[in-house]
Amino acid sequence: MKPLSHPRRVPFMVYADADGNIFEDERYEAVGRSGYDVYPLVPEDFIELPTGSDLFTLPGRRPYGLNLETGEFDVREDVQAVAALNAPAYTQLYMAAFGTEEEGAPTLPLFCYTVVGWLDGKFYTTAVRIDPDERQDLENFDRELIIEETKKRLEHHPENRLIQHLGNNCSIRYCCPAARNFFMGRWECPIPVSPACNSNCLGCISFQPEEHELTSPQDRLTFIPTVDEIVEFTVPHLESAERPIVSFGQGCEGEPLLVWQLMRDAIIAIRKKTSRGIINLNTNGSKPKAVEELMKAGLNSIRVSTNSARKSIYEAYYLPNNYAFEDIRESARIVRQYGGWASINYFTFPGMTDQEEEYQALRDWIRFSDLSMIQWRNFNIDPDWYLGKLGITELKPGMGVRQMMVKIKQEFPHLAYGYFNPPGEVQVKYNTIRLELGK
Ligand code: SF4
């Protein structure tokens, strides 16, 4: 895969008219936002906009630009701001910079809003490819073929509620890449199992309370599957797929640890039939004891989601029921104690993630849990709504997301970086690096 190139100079600012038509303004350079501040950028901050990315006009928001004549930051009050939602596997370095928010401007939906600029006939964005894995590259998704393969499988399994959910809902309705890959018989396959959750994330993608005036991008699963329903499709997938992974904990459900006994029994049943591939759990990590039982049953890896390595920031966002931040660190540590692979699904927010305090807290978590991997995921949330909900009215300048990635890697060279749960061969590669480094 050829890396996307940097522009020869900083791209021009782009904006949208009232009808959503997008234009460049060559009087201004594109600028970036981190926390509450606006920053000038350099060509190395940009790459061509990856295939599979989307562009959004931001209602009621005005774009910032660097005035090439005065060298000052200006807000164009007469047009709308524009942002990019980068394709999966690309981590944002700066958010889109927009000034005045019109009175009554709607809260932005649960997407990520990254810088976009224009130069030499192309759109550019501020991001880095953090994971070479192609499992969600748009080029690999032939819509018609996927629908055909999905319908074929649905006909073969009319009684399996979970396959019916993954087919009709996830693959065909939501175009979920994980469900589509399952029906194409490759890579990572999803296993949603839980209709309920013991967190109340402000930006939950499967349930949003009325008062949030936000819509959750997915509906939550409404039933708890059986062991047989799970085994019926996961065993064939593990036995036949390329780089096979099956993962509990998906965007269309609550928290899988609330039904850990079901997962335990399913893992035992799966491993009775096949030892191939990875059985992974995406989770909020709230129940370390349950995680230990799952490791004993044969779980291979865990991915704990978090918006921060700091207790106060985490709990202000997750609003946990009957668990605390310490539990999620403990869950990751237990997986490592059993020789498993432990990742964090790290919601990356320029200006929050790269704060000195966050950096120190992350170092401490890596050491405490002996983490295997950081998945630097873009935080899909309206930045002002998020900071407002956390009561954060001002922020010191961050060190820069890229700078933080470099510093962490220098101190923990065995730590893997990515965007997706790694297949067995990638885990082996990093475990070898660990051994060579005597970690
Ligand atoms: S842990 Fe997941 S399902 Fe639960 S509230 Fe948070 S985002 Fe929603």
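Residues numbered from 1 in each chain as written. Predicted model: local features only at pLDDT ≥ 70, side-chain atom pairs only at ≥ 80, totals over all residues. Heavy atoms only, no water.

K.L.:
Which parts of the structure should I look at to understand the packing of aromatic side chains?
P.N.:
Two numbers describe a pair of aromatic rings. These are the distance of the centres and the angle of the planes. One pass over the structure, following the stated rule, counts 21 aromatic pairs. Between W376 and Y417, the ring centres sit 5.4 Å apart and the planes meet at 80°, which makes this aromatic pair edge-to-face. Note that W376 is positioned in strand 21 (residues 373–378) and Y417 in strand 22 (residues 416–418), a separation of 41 residues in sequence. For the residue pair W376 and Y417, the accessibility class agrees, reading buried in each case. (Phe/Tyr/Trp six-rings, centres within 6.5 Å; stacked < 30°, edge-to-face > 60°. Helix = DSSP H or I, 4+ residues; strand = E, 2+ residues; numbered from the N terminus. Buried < 20%, exposed > 50% of the residue type's maximum accessible area, 1.4 Å probe, protein only.)

K.L.:
Would you mind showing me how to read helix 9 (residues 356–369) here?
P.N.:
With 14 residues, helix 9 should reach 20 Å at 1.5 Å per residue; the first-to-last C-alpha distance of 20 Å fits that figure. Of all the positions in helix 9, only E358, Y359, A361, L362, R363, W365, I366 and S369 are classed as buried. Turning to helix 9, the residues buried within the fold contact strand 19 (301–306), helix 8 (325–337), strand 20 (341–348), strand 21 and helix 11 (401–411). Remark: D370 follows helix 9 within two positions and exhibits a positive phi of approximately 55°. (Expected span 1.5 Å × (residues − 1). Contact = heavy atoms within 4.5 Å.)

K.L.:
How do you make sense of helix 7 (residues 311–318) when you look at a structure like this?
P.N.:
Count 3.6 residues to each turn of an α-helix, and residues three or four apart come out pointing the same way. Here helix 7 has its buried residues at I313, Y314, Y317 and Y318. Burial along helix 7 is one-sided: seen end-on, the buried residues are contained in an arc of 110°. Structurally, helix 7 contributes buried residues whose contacts are with strand 19, helix 8, strand 20 and helix 10 (383–389). (Arc of directions from axis to C-beta.)

K.L.:
Sorry, what's going on with the pairing of strand 17 (residues 245–248) here?
P.N.:
Every second residue of strand 17 is oriented toward a common face, with I245 and S247 on one face and V246 and F248 on the other, all of them buried. Two elements, strand 16 (residues 188–191) and strand 17, share 4 bridges in a ladder whose sense is parallel. Looking across to strand 17, one finds that I191 is bridged to F248. In terms of handedness, the path from strand 16 via helix 4 (residues 227–240) over to strand 17 forms a crossover that is right-handed. (Pairing = 2+ DSSP bridges. Right-handed = clockwise from strand over helix to strand, strands pointing away.)

K.L.:
Honestly, the pattern of salt bridges in this entry has me stumped. Any pointers?
P.N.:
Opposite charge on two side chains allows them to pair when their charged atoms are near. Applying the stated criterion across every chain, the model contains 28 salt bridges. One salt bridge in this structure joins R135 and E188, with 2.6 Å as the shortest N-O distance. Taken together, the residues span a long stretch of sequence, with R135 in the loop between strand 15 (127–129) and helix 1 (143–156) and E188 in strand 16 at a distance of 53 residues. Take R135: its relative accessible area is 3%, and that puts it in the buried class. With a relative accessible area of 10%, E188 lands in the buried category. E315 is paired through a salt bridge with K311; the nearest N and O atoms lie 2.8 Å apart. Placement of the pair is E315 and K311 together in helix 7, with a separation of 4 residues, close to one helical turn. Several salt bridges converge on common partners, so that one network encompasses D133, R135, E188, E242 and R243. (Salt bridge = Lys/Arg side-chain N within 4 Å of Asp/Glu carboxyl O.)

K.L.:
Before we go on, may I ask you to explain the nonpolar core in this structure?
P.N.:
The nonpolar side chains of soluble globular proteins are, as a tendency, buried together. Counting 105 residues, the largest nonpolar core has F248, L362, I374, Y386 and I408 as its most contacted members. Each of domain 1 (12–129) and domain 2 (177–437) contributes no fewer than three residues to this core. L58, A96, F98 and Y113 belong to the second largest nonpolar core, which has 7 residues in total. (Core = buried A, V, L, I, M, F, W, Y, C linked by side-chain atoms within 4.5 Å. Domains from an automatic or database assignment.)

K.L.:
Would you explain the sheet that holds strand 4 (residues 37–39) in this entry?
P.N.:
Sheets are built from strands that pair by backbone hydrogen bonding, the pairs being arranged parallel or antiparallel. Taking strand neighbours across the sheet as the criterion, the 3 strands line up as 4-3-11 in an open arrangement whose pairing is antiparallel. Taken across any chain shown, the strands that pair with only one partner, and hence form the sheet edges, are strand 4 and strand 11 (95–96). Two elements, strand 3 (residues 32–34) and strand 11, share 2 bridges in a ladder whose sense is antiparallel. Along strand 11, the bridge assignment pairs G32 with A96.

K.L.:
What is the right way to read the packing of helix 1 against helix 2 (residues 161–173) from this model?
P.N.:
The description of two packed helices rests on the angle between their axes and on the distance between the axes. Where helix 1 contacts helix 2, the axes come no closer than 9 Å and their chain directions differ by 160°. As summarised for this structure, helix 1 and helix 2 are arranged roughly antiparallel, according to the angle between their axes. Where helix 1 crosses over helix 2, the handedness of that crossing is left-handed. Seen from helix 1, the contacting residues are I146, T150, K151, R153 and L154; seen from helix 2, they are I163, Q164, G167, N168, S171 and I172. (Axes fitted to C-alpha atoms, helices over the stretch in contact; angles between N-to-C directions. Parallel < 35°, antiparallel > 145°, perpendicular 65-115°, else oblique. Left-handed = near helix turned anticlockwise from the far one by under 90°.)

K.L.:
Mind showing me how you'd approach the site of the ligand here?
P.N.:
Around the ligand, a shell composed of C197, S199, C201, C204, S206, R220, E253 and G254 is seen. Grouping the amino acids of the shell around the ligand by side-chain chemistry returns 3 nonpolar, 3 polar and 2 charged. (Near = heavy atom within 4 Å. Nonpolar A, V, L, I, M, F, W, Y, C, P; charged D, E, K, R; others polar.)

K.L.:
Looking at this structure, I do not really get the side chain of N280. What am I missing?
P.N.:
Inspection of the secondary structure assignment puts N280 in strand 18 (residues 278–283). Relative accessible area serves as the criterion here: at 1%, N280 is assigned to the buried category. Within polar-contact distance, the side chain of N280 engages the side chain of S247 at 3.0 Å. Among the polar contacts listed, one links the side chain of N280 to the side chain of S301, at a separation of 2.7 Å. Excluding its chain neighbours within four sequence positions, the residues that come into contact with N280 are E188, I245, V246, S247, F248, L299, S301, I302, R303 and N421. (Polar contact = N/O pair within 3.5 Å; in protein donor to acceptor, adjacent residues only side chain to side chain.)

K.L.:
Where do I start with the environment of L437 in this structure?
P.N.:
Tracing the sequence through the fold places L437 in the segment after helix 12 (424–436). Residues L437 and I268 lie 169 residues apart in sequence; the distance between their C-alpha atoms is 34 Å. When sequence neighbours within four positions are dropped, the list of residues in contact with L437 reads P413 and H414.

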